[in-house]
Amino acid sequence: MDGTIQLERLPDVLYVGRPLTARKNSTCNCSSWTDGKYANKVKVTFGRSSVNTIEVKEGLKVGDRVILSDMSNYE
């Protein structure tokens, strides 16, 4: 048996898969694809989080693609 427990429903919230370095209610620099070839660092403010996703409060818009793995070795 497999199931999901829903604690709260948040309408009209932008969220992404949770990057490795992201924590709830924090700000971090994430790598975002701009044109499919290059990634740029973007300062992103996060809100609530779950196991797999995290709320985006500032820094990204609908359609932005984020690299979820740790990119610190490529700086």
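Located above this text is the structure these notes cover.
Below is a short write-up of the structure. (Residues numbered from 1 in each chain as written. Predicted model: local features only at pLDDT ≥ 70, side-chain atom pairs only at ≥ 80, totals over all residues. Heavy atoms only, no water.)

1. Thoughts on the overall build of the chain
Helix and strand content of the chain: zero helices and five strands. Walking the chain from its N terminus toward its C terminus, one meets helices and strands in the order β-β-β-β-β. Once the C-alpha set of the chain is aligned to its principal axes, its extents read approximately 40 × 25 × 25 Å. Across the 75 residues that make up the chain, the buried fraction comes to 23%. Considering only contacts within the chain whose residues lie at least 6 apart along the sequence, 50% involve residues at least 24 apart. In the structure as shown, the chain presents an accessible area of about 6200 Å², 47% of it carried by carbon and sulfur atoms. (Helix = DSSP H or I, 4+ residues; strand = E, 2+ residues; numbered from the N terminus. Buried < 20%, exposed > 50% of the residue type's maximum accessible area, 1.4 Å probe, protein only. Contact = heavy atoms within 4.5 Å. Areas by Shrake-Rupley, 256 points an atom, 1.4 Å probe, with all protein chains shown as cover.)

2. Section: the side chain of serine 32
Looking at where serine 32 falls in the secondary structure, it is placed in strand β2 (residues 27-33). For serine 32, a relative accessible area of 5% translates into the label buried. A polar contact of 3.1 Å, which involves the side chain of serine 32, links it to the backbone oxygen of arginine 65. Among all residues touching serine 32, those that are not within four sequence positions of it are Tyr38, Ala39, Asn40, Val42, Leu60, Asp64, Arg65 and Val66. (Polar contact = N/O pair within 3.5 Å; in protein donor to acceptor, adjacent residues only side chain to side chain.)

3. Observations concerning unusual backbone geometry
With a phi angle near 55 degrees, aspartate 12 is a residue other than glycine that sits in the positive phi range. The exposed category is assigned to aspartate 12, whose relative accessible area is 83%.

4. Structural notes on the side chain of glutamate 55
Within the secondary structure layout, glutamate 55 lies in strand β4 (residues 53-58). Every residue in contact with glutamate 55, bar those within four places of it in the chain, is listed here: Val13, Leu14, Tyr15, Thr45, Phe46, Gly47 and Arg48.

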